[in-house]
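Listed here are the chains, written in short residue letters.
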Amino acid sequence: MEINTIIEKYLFEASINKKKATYEFDLKVARSIKRCFEHLNIQYVSDLNRETLFSIILYYKNHTKKKNAGINQTIEWLYGIFYHFEIENPLGKFKKLPDDTENFKHFKHNELY
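Residues numbered from 1 in each chain as written. Predicted model: local features only at pLDDT ≥ 70, side-chain atom pairs only at ≥ 80, totals over all residues. Heavy atoms only, no water.

Got a minute to help me understand the nonpolar core in this structure?
Generally speaking, nonpolar side chains in soluble globular proteins are found buried as a group. Residues I7, I33, F37, I75 and W77 are the most contacted members of the largest nonpolar core, which totals 29 residues. When residues of this core are traced back to their parent elements, those giving at least two are α1 (3-17), α2 (20-40), α3 (50-63) and α4 (68-84). Take this core: its biggest share by element is 7 residues, from α4. Beyond its immediate stretch of four places on either side in the chain, W77 contacts I7, Y10, F25, D26, V29, A30 and I33. (Core = buried A, V, L, I, M, F, W, Y, C linked by side-chain atoms within 4.5 Å. Buried < 20%, exposed > 50% of the residue type's maximum accessible area, 1.4 Å probe, protein only. Helix = DSSP H or I, 4+ residues; strand = E, 2+ residues; numbered from the N terminus. Contact = heavy atoms within 4.5 Å.)

Next up, the structure:
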């Protein structure tokens, strides 16, 4: 089964069933995943395996500005599509990447001058 076809079917259903903001998020993630799969030359679900999971993670780390939290979110979205269409997940279990986002530093009034 072709991966892009699955993603397009999911987006079609999402356009009907989800709120506009959620659908727009789905579109954004779908474009990102499609670019990743194109870069890695992945076309079919049968092309996916445990090693391609690591290739996907490395693609996002090396070719995008996504932090680990964004990579986790993107991969979980892909896993959600497999679950939605009852496709056995060929990537296996995914251990989330550690959070690498930086906390916002609050300044005191006297530190601003």
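What am I meant to see in the packing of α2 against α4 here?
Between two packed helices, both the angle of their axes relative to each other and the distance between the axes serve to describe the pair. Where α2 meets α4, the closest approach of the two axes is 10 Å, and the angle between their N-to-C directions is 95 degrees. The orientation of α2 relative to α4 falls into the category roughly perpendicular. Contacts between α2 and α4 involve F25, D26, V29, A30, I33 and F37 from the former and Q73, T74, W77 and L78 from the latter. (Axes fitted to C-alpha atoms, helices over the stretch in contact; angles between N-to-C directions. Parallel < 35°, antiparallel > 145°, perpendicular 65-115°, else oblique.)

How should I be thinking about the environment of L53 in this particular structure?
Inspection of the secondary structure assignment puts L53 in helix α3. Through-space distance from the C-alpha of L53 to that of M1 is 18 Å; in sequence the pair is 52 residues apart. Setting aside residues no more than four positions away along its own chain, L53 makes contact with I75, Y79, L91, K93 and F94.

Is there a simple way to explain the environment of K95 in this structure?
Looking at the secondary structure, you find K95 in the segment after α4. Each C-alpha atom, one on K95 and one on N72, is 8.9 Å from the other, the two residues being 23 residues apart in sequence.

Got a minute to help me understand the packing of α3 against α4 in this structure?
One way to put it is that α3 packs onto α4 with a least axis distance of 10 Å and a crossing angle of 140 degrees. Taken together, the axes of α3 and α4 are oblique relative to one another. Crossing angle aside, the handedness with which α3 passes α4 is right-handed. The residues of α4 that touch α3, namely those facing L53, I56, I57, Y60 and K61, are N68, I71, T74, I75 and Y79. The residue makeup of the contact of α3 with α4, split by class, is 7 nonpolar, 2 polar and 1 charged. (Left-handed = near helix turned anticlockwise from the far one by under 90°. Nonpolar A, V, L, I, M, F, W, Y, C, P; charged D, E, K, R; others polar.)

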